[in-house]
Amino acid sequence: MINSLLERKIEKRPDKVLLAGRILFLTEDPELIKRQLAGEDLPWDTLNPAKNPKLRDDISTDEITPAHYCFYFDETLGEIPYLGLKCGDVFPIGRSDVKKGGFVCAVSGKRRGKGSSREQSPYAEMCAGIRVVIAENIERIYKQNCQNLGLLTSTNFSLIDQIRAGEDIPLNEFTAGEDEITRQVIEYGGLFPFNVARMQKKVFLPPIKTDKRPMTLAEKIFARHMINEKGEVGVASVKPGDTGFARADLRFSHEYVTPMASIFFERYVGKDAKVNDPSSILFFRDHLTFLDEVISEEKKKLGLLDLATQLKMKQQDFAAKQGIRLHGELKDRKGSEGICHSIVLESYALPGQLNIGSDSHTPHVGAIGCVAFGIGTTDVFNSWITKDVRVKVPESVKIVIRGKKRPNVAAKDLILKILSLDYVRSGRALAKVMEYAGEAIEELSVDERATMTNMAAEIGGFTGIVAPDRKAVDFLVERRGMDRNQAEAMTEGLYSDPDAQYAHVIELDAAEITPMVATPGDPGNGKYIRDLHTPVPVELAYGGTCTAGKNEDMDMYALVLADALKHGKCIADSVKFYIQFGSQETRDYCIRKGYLEIFQEAGAHVIEPSCGACINAGPGVTTRPEQVVISAQNRNFPGRSGPGQMYLASPLTVAASAVAGHIVEYEPSAERELVGA
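Rules used throughout
- Residues numbered from 1 in each chain as written.
- Predicted model: local features only at pLDDT ≥ 70, side-chain atom pairs only at ≥ 80, totals over all residues.
- Heavy atoms only, no water.
- Buried < 20%, exposed > 50% of the residue type's maximum accessible area, 1.4 Å probe, protein only.
- Helix = DSSP H or I, 4+ residues; strand = E, 2+ residues; numbered from the N terminus.
- Contact = heavy atoms within 4.5 Å.
- Pairing = 2+ DSSP bridges.
- Phe/Tyr/Trp six-rings, centres within 6.5 Å; stacked < 30°, edge-to-face > 60°.
- Core = buried A, V, L, I, M, F, W, Y, C linked by side-chain atoms within 4.5 Å.
- Axes fitted to C-alpha atoms, helices over the stretch in contact; angles between N-to-C directions.
- Salt bridge = Lys/Arg side-chain N within 4 Å of Asp/Glu carboxyl O.
- 1 Å grid on protein atoms, 1.4 Å probe; cavity = no way out; pocket = protein on both sides within 12 Å on 5 of 7 lines; lining within 4 Å.
- Points joined across faces, edges and corners; volume = space filled by probe spheres on them.
- Nonpolar A, V, L, I, M, F, W, Y, C, P; charged D, E, K, R; others polar.

A.B. asks: Would you mind going over helix α12 (residues 258-268) in detail, with residue names and values included?
C.D. replies: Side chains of residues three or four places apart in an α-helix project in the same direction, reflecting 3.6 residues per turn. Counting buried positions over the 11 residues of α12 gives 8, a clear majority of the element. Among the residues of α12, T258, P259, M260, A261, S262, F264, F265 and E266 are the ones counted as buried. Tucked into the core, α12 has its buried residues touching α5 (120-127), α6 (140-149), β8 (250-254), β9 (281-284), α14 (304-322) and α16 (377-386). Positive phi shows up at G270, right after α12, with a value of about 150°.

Pasting the structure below:
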């Protein structure tokens, strides 16, 4: 494999770029988009931006490539960019509209590409003819995916005039302000050609020579994993902005990503090539296990269910060929072994590690003090070659939650509060490490901390992390059977230095936070339930996913439902309540605790592990625009879990609302306290 790559001819792209084609402005007004698709070029005043129509902010990868179209993993994706884009109540872009329109550039507002790490999104744009995307700011994973594929990105709106004038644009317009490695990735047209040039010693890797300095927890872990100028692992210190490659302890992917990555690997490296160290790679079949139960007849006729089966088979074949561990479907009943993040936390991740995964919620395992972050398809397949990943050491934001939380408040309420803050909603937290601290965080169990680190993805952060303490050690001893001395030794030195530097510090008082919901459309739409002006009836309630399918989440569902049964109540007749385990370990835990009987008696529907409804691929999805669902999952972007109106909330609130038939705070019986609080 190495020899063939050493002999591969690799050249830089030209130093001037000619972008010959039209510009698509993704505006809030759907009629303006339709007019552009019909052939009209929208006027745009780059000197007086206030005169221009409002651009859509917060365009998620769910809107660029709705989940069910990600079953494609070839150039067919070029027919579907922006099919999920919602402007008001309208979806103005149809299949192949962008490709037929001759567009070379797409322009939008703030936080472009938020959400899922799916590389199908920029790949679909590229296959439709888009060569550059322009936005006010761009989410980290999406931007890195663009760079890895060779799609140019910019926040410079003056390029609009140059593109329209048919001018050559210097390539350094797209590399300005980037670190040395990113500059060269762009110059070589993507991560794979860059890595081949790296093996051929054609590229310059700047050595990390940061002087000894106080470091945050994340910076310490990065320093332990960065490759130094001798090719060895570890440097003395790092600071934000240092760039290089970090050796990964664990690399994982699931059936949405593995097939595309394996095709890239076989196409660019070789059909018979072997991955580097298969023992540190994991595959998961966890996203589409229940797809056949909810996929529409229309989508079946398009062959999408057959395509989803092909994803499964391609991953199975590649795993067998490469000797990679696959956590797959159950043999004796429908369902999966578990969601990737759940299993990685329960069985694999360790304090101080650096883990990478093909999913934006990879930061989940930061709950036990490791740096874990989501990567795209190209990063995945390149890591199979090099065992490392390109990294620019991020700044850290310290989020301190002091005091004691209320008994009916869970970690989900805390993170929804953080997501509602202007610092996050404005995009200033993008690509930064979220380090959670304070008495309220210290009191949380590892399961609840995982809710906080998991949803660093919704913040747009690089990752989320909590310093490992006695609770992390207890987790490793009790859940993994690890020797206590060994577990304690792993946590030594894993804390931020007292005078470490932060980009920003957020301080909250836990006592001031009451149960919250995020109203439909975005996880940042946080409101206190008591501030909802009218009752919100719900038809569906959903408790599950990586964020809310853990042991302690089950404790909360069981607590509320047991309380209801004690008072002669059960799930409201008007509501269907689905509870889905995150893993088989959590299912076994519920059996031991007697929760299945409580769930059944209360009228809840229990489901085997899978991502399911969270990605519109399992029971609990909406089927009508007016349907209201309250869910403990992590995202409520338009169309992500069906066409309905989704409110996000904690497991306590979801269960209480399922009983009441409308959104309510859970009010625990006076003599009872939350399990694990």
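A.B. asks: Describe the pairing of strand β2 (residues 22-25), listing the residues and the values that go with them.
C.D. replies: Judged by which residues are buried, β2 turns out to be covered on both faces: R22 and L24 on one side and I23 and F25 on the other are all buried. Examined bridge by bridge, β2 and strand β3 (residues 103-107) share 4 bridges and lie parallel to one another. What sits directly across from I23, in β3, is C105.

A.B. asks: Go over the packing of aromatic side chains with me, naming the residues and quoting the values.
C.D. replies: Per the counting criterion, the structure on display carries 20 aromatic pairs. Ring plane angle 55° and centroid distance 6.1 Å describe the contact between F264 and Y268, whose orientation is recorded as tilted. With F264 and Y268 both in helix α12, this residue pair falls 4 residues apart, about one helical turn. Since its relative accessible area comes to 5%, F264 is described here as buried. The exposure class of Y268 is partly exposed, given its relative accessible area of 33%. Both rings, one in F265 and one in F318, keep their centres 6.0 Å apart while their planes meet at 75°; by these two values the pair is edge-to-face. Note that F265 is positioned in helix α12 and F318 in helix α14, a separation of 53 residues in sequence. Here F265 falls in the buried class, since its relative accessible area comes to 0%.

A.B. asks: Pulling in residues and values, what's your account of the nonpolar core?
C.D. replies: Residues F222, F373 and W384 are the most contacted members of the largest nonpolar core, which totals 103 residues. The leading source of residues in this core is α14, at 6 residues. Excluding residues within four positions of it along the chain, F222 makes contact with V238, L354, V371, F373, V391, V393, P394 and F462. Counting residues in each nonpolar core, the second largest holds 43 residues, with V538, V560, L561 and V654 among its members.

A.B. asks: Please give an account of the sheet that holds β8 that cites residues and values.
C.D. replies: With parallel pairing, the 5 strands of this open sheet are ordered in space as β10-β9-β8-β11-β12. Only two strands of the sheet have a single partner each, and these edge strands are β10 (325-327) and β12 (371-374). Strand-to-strand, the axes of this sheet are offset by a mean angle of 20°, without reference to chain direction. Where β9 and β10 come together, 3 bridges link them in parallel fashion. Among the inter-strand pairings, L282 is bridged to a residue of β10, identified as R325.

A.B. asks: Please give an account of the pattern of salt bridges that cites residues and values.
C.D. replies: Here the structure, examined in full by the defined rule, presents 49 salt bridges. Between R118 and D62 there is a salt bridge; the shortest N-O distance is 3.1 Å. Placement of R118 in the loop between β3 and α5 and of D62 in helix α3 (residues 61-64) is noted, with a sequence separation of 56 residues between them. A cluster of three or more residues bridged by salt bridges with shared partners is formed by K12, E180, R183 and E187.

A.B. asks: Could you give me a rundown of empty space enclosed by the protein, with the residues and numbers involved?
C.D. replies: Within the structure shown, the criterion is met by 6 cavities of 30 Å³ or more. In this structure, the largest cavity spans a volume of roughly 240 Å³. S116, H287, D359, I615 and R640 are the residues nearest the centre of the largest cavity, which is lined by 22 residues in total. Looking at the lining of the largest cavity, its residues break down into 7 nonpolar, 11 polar and 4 charged. Each pocket or cavity is described by its volume, and for the second largest cavity that value is around 130 Å³. If you trace the second largest cavity, you find 16 residues lining it, with G115, E139, I141, A457 and G461 closest to the centre. For the lining of the second largest cavity, the element with the most residues is α6, which contributes 3 residues.

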